[in-house]
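A structural walkthrough
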Amino acid sequence: MIKKIKASKSEKIIFTFIIVLALFSFGSFFLIKDKCLFVKDYDPYKIKFDKPRNIVVLNVPCGNVIIELYPEISPKGVKRFITLVKSKAYDDVAFHRVIKDTLVQAGDLEFGKKGNIDYGKIGTGKSGLGTINSEVDNPFNFEKGSVALARTQKYNTEDSQFFIVLRDEPLYETEYTPIGKVIYGLKALKKIKYLDKSQYVLRPDYINSIRMLIN
Amino acid sequence: MNLIRLILLSLFIFTQSQADTIYNLIKIPNLEIYKINKFNKLRYLYAKQPFTIGVDNNINCFSSEKKVLDEKYKIIQKNLDRYDQKFLKKINLKYIVLCEDLSISNINTAGIPDNVMKTLILDIKFDEKYFERVIHHEVFHIINDSFKEIFDEKVWSEFNVKNFKYAECSTCTDKIGLDTYKKTEGFFTEYSRSTASEDMAEVFSHLMIGSNSNNSDPILKKKIKFIKNNLLKIDKNFIL
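Rules used throughout
Residues numbered from 1 in each chain as written. Chains lettered and ligands numbered in written order. Predicted model: local features only at pLDDT ≥ 70, side-chain atom pairs only at ≥ 80, totals over all residues. Heavy atoms only, no water. Contact = heavy atoms within 4.5 Å. Salt bridge = Lys/Arg side-chain N within 4 Å of Asp/Glu carboxyl O. Helix = DSSP H or I, 4+ residues; strand = E, 2+ residues; numbered from the N terminus. Nonpolar A, V, L, I, M, F, W, Y, C, P; charged D, E, K, R; others polar. Pairing = 2+ DSSP bridges. Axes fitted to C-alpha atoms, helices over the stretch in contact; angles between N-to-C directions. Core = buried A, V, L, I, M, F, W, Y, C linked by side-chain atoms within 4.5 Å. Buried < 20%, exposed > 50% of the residue type's maximum accessible area, 1.4 Å probe, protein only. Domains from an automatic or database assignment. Buried area = accessible area lost by both parts, 1.4 Å probe. Parallel < 35°, antiparallel > 145°, perpendicular 65-115°, else oblique. Left-handed = near helix turned anticlockwise from the far one by under 90°.

1. Re the interface of chain B and chain A
Taken together, the contact between chain B and chain A spans 19 residues of the former and 17 residues of the latter. Taken together, the connections running from chain B to chain A amount to four salt bridges. Between B:Lys89 and A:Asp137 there is a salt bridge, with the nearest N and O atoms lying 2.6 Å from each other. The greatest single-element share of the side of chain B that touches chain A, amounting to four residues, is contributed by helix 2 (residues 19–26) of chain B. Here the side of chain B that touches chain A is composed, by residue class, of seven nonpolar, six polar and six charged.

If you want it as structure tokens, here you go:
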């Protein structure tokens, strides 16, 4: 006859702990898969803005990023950006250069379009509108969320590419043309796909759309 | 105790560094921000670790102790504050890299100017006797490189006595003495005799620190006038 052994109190606790842990791990596996789980999606129409005409809504995989443009700081840079936004040129364009917690860069209209991406040339494409002069003389605090036009190593080569910094970058003042700042939704940008070993992203995330709040 | 170590280690690991940003801007690794000057917007960077750059990695510089850095920064900042933001923008100088034992192809040097990258690397352990003067000397190289057409070496060479010839390059000669001559005879220092651009830089640096600017040497008088006039062409408000 088999003798029935009663579980001790500590054995019961360990058993319960293992069960809870298993449930938690199993649950997390599915929850973590959704990278946008804890990212708030902002509805721009429910927010009041001081200058609604300067607001653009960038829609990315994890929701809306709301940017205020500063035409008084960089008039030519902002004008170029708005021109491209209004022509919907940025739709389906890759975030081709992403550095974790540092910056996301997009806007290569020539080699960064979904379905037509060229990994060998991405980052060198043009808009067809020509380059514009850098606007770097006005004081600007390049704090987290600042949006600026990208350029080559030389000044006055800004075109369509832009980047958004995910941390304060004080050295960028007088280096890059600032065009605005993210006022809501920076967390959605932190979820943009990046690679640990390279700044340039293979199979990147794309801009869904960028629209002016008021056309 | 282990927990404290773990917390400290994680802080070290997760503290965000600006080194990548700086590398993207000026192509020098292992640098961190020391200070950003509010007056003329010069960005002072320091070597957190030794770095190697240049063709065949021929430029080397090493990190310094914080105490040395703090001490030398005051001197450098005092001297570089004499250049305003507008002037610095014109000559293309924005980043000052502070490190020690700077060498190029194993030859020790006080500074390496690079107007294309808007950078001046300074050896903060360079001989204290000449340290302040050398700062302006290196700034002049940035000025000269940005305005080569103004500082015509042919015109400059003609100020010297007829038989005098400069060396082919600043490192192709033994004339490296930096002591200011008592009897100048057209040159402030022995190093001035190396090349035309080093000679100009020596005149400029002597003017900036105010030594021998009232020199009665007729050749030096011409050289001083040349430097002053050309600086005013770059910036009419430039004060020597």
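Next comes the rest of the write-up.
2. Describing the sheet that holds strand 6 (residues 162–165) of chain A
Think of a sheet as strands paired side by side through backbone hydrogen bonds, with each pair either parallel or antiparallel. Residues and elements named next belong to chain A. Reading across from one edge, 3-4-6-5-7-2-1-8 is the order of the eight strands in this open sheet, with antiparallel pairing throughout. What marks the edges here is a single partner per strand, and that holds for strand 3 (97–99) and strand 8 (209–212). The mean inter-strand angle of the sheet, taken between neighbouring strand axes irrespective of direction, is 25°. Bridge count between strand 4 (residues 103–106) and strand 6: four bridges; the pairing is antiparallel. Paired with Gln105 across the two strands is Phe163, which belongs to strand 6. This element, helix 2 (residues 75–86), spans strand 1 (55–60), strand 2 (63–69), strand 5 (146–149), strand 6, strand 7 (177–184) and strand 8 of the sheet and lies at about 115° to strand 8.

3. Points about the nonpolar core
In terms of nonpolar packing, the biggest core is built from 48 residues, with B:Ile76, B:Ile91, B:Ile96, B:Ile143, B:Phe151 and B:Ile227 touching the most fellow members. Looking at this core, the elements with two or more residues in it are helix 3 (66–80), helix 4 (85–91), strand 5 (95–104), strand 8 (119–123), helix 5 (131–146), helix 7 (196–208) and helix 8 (218–234) of chain B. For this core, the two domains that each supply at least three residues are domain 1 (14–127) and domain 2 (147–240) of chain B. Counting residues in hydrophobic clusters, the runner-up holds 36 residues, among them A:Leu58, A:Leu109, A:Leu186 and A:Val201.

4. Some words on the domain arrangement of chain B
Residue and element names in this part refer to chain B. What the domain assignment lists for chain B is domain 1 (14–127) and domain 2 (147–240). Taking only C-alpha atoms, the centre of domain 1 and the centre of domain 2 are 25 Å apart. Contacts between the two partners involve eight residues from domain 1 and, on the opposite side, eleven residues from domain 2. When the two sides are added together, the surface that domain 1 and domain 2 hide from each other amounts to roughly 810 Å², 65% of it contributed by carbon and sulfur. Sorting the residues of domain 1 by area buried against domain 2 places Arg82, Phe87 and Lys90 first, and these three jointly supply 60% of that buried surface. In this structure, the connection of domain 1 to domain 2 is made through zero salt bridges.

5. Description of the packing of helix 3 of chain B against helix 5 of chain B
Residue and element names in this part refer to chain B. Direction vectors running N to C along helix 3 and helix 5 enclose 50°, while the axes themselves pass 10 Å from each other. For the element pair helix 3 / helix 5, the angle class is oblique. Note that helix 3 runs across helix 5; the crossing there is right-handed. Where helix 3 approaches helix 5, its residues Lys72, Ile75, Ile76, Lys78, Asn79 and Leu80 are matched on the opposing element by Phe131, Glu132, Ile135, His136 and Val139. Of the residues assigned to the contact of helix 3 with helix 5, the class counts are six nonpolar, two polar and three charged.

6. Observations regarding the environment of B:Glu32
Mapped onto the fold, B:Glu32 is located in strand 1 (residues 31–36). Taking C-alpha positions, B:Glu32 is 6.4 Å from B:Lys48, a pair spaced 16 residues apart along the chain.

7. Considerations on unusual backbone geometry
In the Ramachandran plot, A:Asp101 falls in the positive-phi region, its phi being about 55° despite a non-glycine side chain. Here A:Asp101 lies in the loop between strand 3 and strand 4. Even without being glycine, B:Lys27 reaches a positive phi, approximately 60°. As for its placement among the helices and strands, B:Lys27 is situated in the loop between helix 2 and strand 1.

8. Focus on the pattern of salt bridges
Where side chains of opposite charge bring their charged atoms close, a pairing between them can arise. Residues and elements named next belong to chain A. For the structure shown, the criterion picks out 18 salt bridges over all chains. Arg211 is paired through a salt bridge with Asp91; the nearest N and O atoms lie 2.7 Å apart. Here the residue Arg211 occupies a position in strand 8, and Asp91 occupies one in the loop between helix 2 and strand 3, the gap between them amounting to 120 residues. Arg167 is the salt-bridge partner of Glu169, the closest N and O atoms lying 2.9 Å from each other. For Glu169, a relative accessible area of 0% corresponds to the buried category. Overall, the relative accessible area of 7% leaves Arg167 in the buried class.

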